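Summary of structural features
Single-letter residue listing:
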Amino acid sequence: MKRILTTILFLAVVLSAMAQIRVATPNIEMVLTAEEGKTLNLLYFGDKLNDNDFANLEHAGVLDQNVYPAYGMNCPVDAALAVTHADGNMSTELVIESVSQVMEDGAQITRVKMKDTVYPFYVTVCYRAYQDVDMIETWTEIQNLEKKPVLLTRFDSGYLPIRVGGVWASHLYGTWANESRLVQEPLNRGTLTIKNKDGVRNSHIDHAEVMFSLDGKPQENQGRVIGAALCYGGNYELRVDTRDTDYHEFYAGINPDNSAYTLASKEVFKTPELALTFSNEGLSGASRNFHRWARNYKIAHGDKERKILLNSWEGVYFKINEEGMDQMMQDIAYMGGELFVMDDGWFGDKYPRLNDKSSLGDWVVDRNKLPNGISWLVNRAEDHGIKFGIWIEPEMTNLVSELYEAHPDWIVKAPERDPVVGRGGSQVVLDLSNPEVQDHVFGVVDRIMTENPDIDYIKWDANMSIMNHGSQYLPKDKQSHLYIEYHRGFAKVCDRIRAKYPDVTIQACAAGGGRANYGILPWFDEFWVSDNTDALQRVHMQWGASYFFPSIAMASHISATPNHTVFRTTSLKYRIDVAMSGRLGMEIQPKNMTQEEKDLCRNAIAEYKKIRPVVQFGDIYRLVSPYDGHPIASMMYVTPEKSEAVFYWWKLETLYNDQLPRVKMDGLDPDKVYTVHELNRIDDKPLPYEGKSFTGKFLMENGLEIPYRHYVNYYKRNDWASRVFHLVAQ
Ligand code: GLA
């Protein structure tokens, strides 16, 4: 009651006296003008203002632009919203009816309710400003109180005008086995569109996140940067429209292509959150804001250290059996790992899963491969002193499966047409708009967990897109809702799973890195960066992913050489040093490793345990980019107190006797004195600065000289060099 009263009092203040609203976090803010009967306009987005500058803001010639332009009335700009009203009128004109600002769960929530000037049609623009991290989420709630349905043909989450003048965009692109590649480009006239139409996964090709460097060519550790992430696991569209005005117009929301939405009378359509941040410490500064927000609010268990695991996939592929699993568990336990994950190939009764052509959907253990079932494996894991995890792909089935035989109507498929098949020539997607399918998908997890409550980890895969549009569940006039309803169904299933199994670790895998997205991660602990485990390519992919995602969420595994995807042979030391910059794991057949290799990994795992809190909870400072044409890449993590840091240096493909740049560190306390210790050392002799100490100032102004290669026995030399230094303040 007290809270309601405070809310009402505050609301009254906002409406009667405040034409300006401050939406503020500890260090950044948005200033909006919100007057009854007028449009909601943005005056400012950037560093927090002092009282003087706030008071005079309106006189500074700042922007003053409608934050949610609707199509049809005085709309020279593109629109965030387009509606065909019940009577066929295609125009919408929104003005403010009420404003409220309250504190909820430690965040400031601002709601600006707007009404069409003619129709009983409402849009509430909402903001959540966190009070412990610098992130503002915005979304809208679109409500139809007309007597009949209206048709939404565009429904963005938010719109942000960005002042023209040397603005560059940094975003991610890629494909399977080459995900999260960084692209940086100046914004020119015309439209930059970043979009996804996969239907199921959404980060293989483009990513739903972008950064804008406002002061010319992007720099890692200086300059103003706006960061944006659309928190939506389905099809999205981010577009920057630049025409004849002073502003790049940035819109982000659900991709409306083939998704026109019929909004019934009284129904509310909630758009996904668009998370916005600002930093004047360059791209790495914006990344630090994303990472803190992610760990605190947007990934499951963001405050818990991740276990070091061995995954069976690249070690045995589909060739699963009890003896083999037990041996792998024993080996990872010997090397100091904490978890074993049995990947694809363990299931299928009538149709055993011998390859990718059958059995998805039949989540019963294959007794020929595993006569004693899952529980035997879980017990063996316990005997080895580690935890057990399992692979599933519950949103899918194969046409060759008992599930499909029983429920052919459960798959996504165009009416009157044959299904379009994906992986293995027979994989199809289950129709999650159908509540029975939602029950089935929940049931897959529920059964496994009920039968084996000690399962610690689930790798949840999704290896196919929606390749023919059609729901056998949705009515004829709602077929265009399929993409949206699929993800609503997915959300319902994930909510149920998390309500019942809050503690289990779940990895979002989607044919590699198809589900690195903040619409997905609140239910998932981490994502599989890519099926490509080649260390050199991982330097590039993990670099890109680190723009938006913290290392705690990036599964990064040591694998065999020649690499199974790219056939490159890198040194084991190099593979270890790359994997150690993310959530360390292994994806290899230990049986095929020499004792020396096992010892190297065993040592690396022990070292990683020492630096795990710095890597998984530290602040990132990217130093030398693999995309900038230098022969090396380098980055570091620093604890928030600046008491400890881990520095990474990886040689890239180089020509012999190339001059390597000396890397200046960043993020340290200039006045603290740090002792340097090399981890994973393979050289015969320690580096000259081993055990020596330097001020943060020296390390940030000069850096340390790193030799071109490792000094090891002549016959063991190779062209890969990498270093990991642990810095501890005295
Ligand atoms: C996908 C995943 C892999 C592996 C296989 C199993 O490709 O990305 O990591 O789990 O499926 O079939």
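Just above, that's the structure.
Residues numbered from 1 in each chain as written. Predicted model: local features only at pLDDT ≥ 70, side-chain atom pairs only at ≥ 80, totals over all residues. Heavy atoms only, no water.

1. Observations concerning the sheet that holds strand 4 (residues 65–66)
Going by this rule: Any two strands are treated as partners once DSSP identifies two or more bridges connecting them. Secondary structure counts use DSSP, requiring at least four H or I residues in a row for a helix and at least two E residues in a row for a strand, with both numbered from the N terminus.
Overall, antiparallel pairing links the four strands, which are arranged 1-2-3-4 in an open sheet. Whereas interior strands pair on both sides, the edge strands pair on one side only; in this sheet they are strand 1 (20–24) and strand 4. Sheet topology note: the strand 3 (residues 41–47)/strand 4 ladder contains two bridges and is antiparallel. The residue of strand 4 that forms the bridge with L42 is Q65.

2. Thoughts on the side chain of H481
This is how the line gets drawn: For the exposure calls, accessible area comes from a 1.4 Å probe over protein chains only, and a residue counts as buried if that area is under 20% of its type's maximum, exposed if over 50%, partly exposed in between. Polar contact criterion, stated in full: a pair of N or O atoms within 3.5 Å, where within protein one must be able to donate a hydrogen and the other to accept it, and residues adjacent in sequence count only if both atoms are side-chain atoms. Contact between two residues is taken to exist if any of their heavy atoms lie within 4.5 Å; hydrogens are not considered.
Summarising the element assignment, H481 is placed in the loop between strand 26 (457–460) and helix 9 (482–500). The exposure class assigned to H481 is buried, which follows from its relative accessible area of 3%. Within polar-contact distance, the side chain of H481 engages the backbone nitrogen of T262 at 2.9 Å. Once residues within four sequence positions are removed from consideration, H481 is found in contact with A260, Y261, T262 and L474.

3. Observations regarding the environment of V200
Structurally, the position occupied by V200 is in the loop between strand 13 (190–195) and strand 14 (209–213). Look at V200 and you get buried, because its relative accessible area is 0%. Each C-alpha atom, one on V200 and one on A462, is 7.7 Å from the other, the two residues being 262 residues apart in sequence. Contact partners of V200, with chain neighbours within four places excluded, come to G233, E395, M396, V429, A462, M464, S465, I466, Y486, H487 and R515.

4. Points about the site of the ligand
Quick reminder of the rule: Note on definitions. A residue lies near a molecule or strand when any single heavy atom of the residue is within 4 Å of it. In short, Shrake-Rupley with a 1.4 Å probe defines the accessible areas, and a residue's cover is counted only from the protein chains shown. Residues are grouped as follows: nonpolar covers Ala, Val, Leu, Ile, Met, Phe, Trp, Tyr, Cys and Pro; charged covers Asp, Glu, Lys and Arg; every other residue, Gly included, is treated as polar.
Close to the ligand lie 13 residues; D343, D344, R423, K459 and D531 are nearest. A distance of 2.7 Å separates an oxygen atom of the ligand from a polar side-chain atom of D343. Here an oxygen atom of the ligand sits 2.5 Å away from a polar atom, N or O, in the side chain of D531. Surface burial for the ligand is 96%, taken as the share of its 310 Å² of free accessible area covered by protein chains. Taken together, the residues of the shell around the ligand sort by class into five nonpolar, two polar and six charged.

All quantities given are derived from atomic positions and should not be read as evidence of function.
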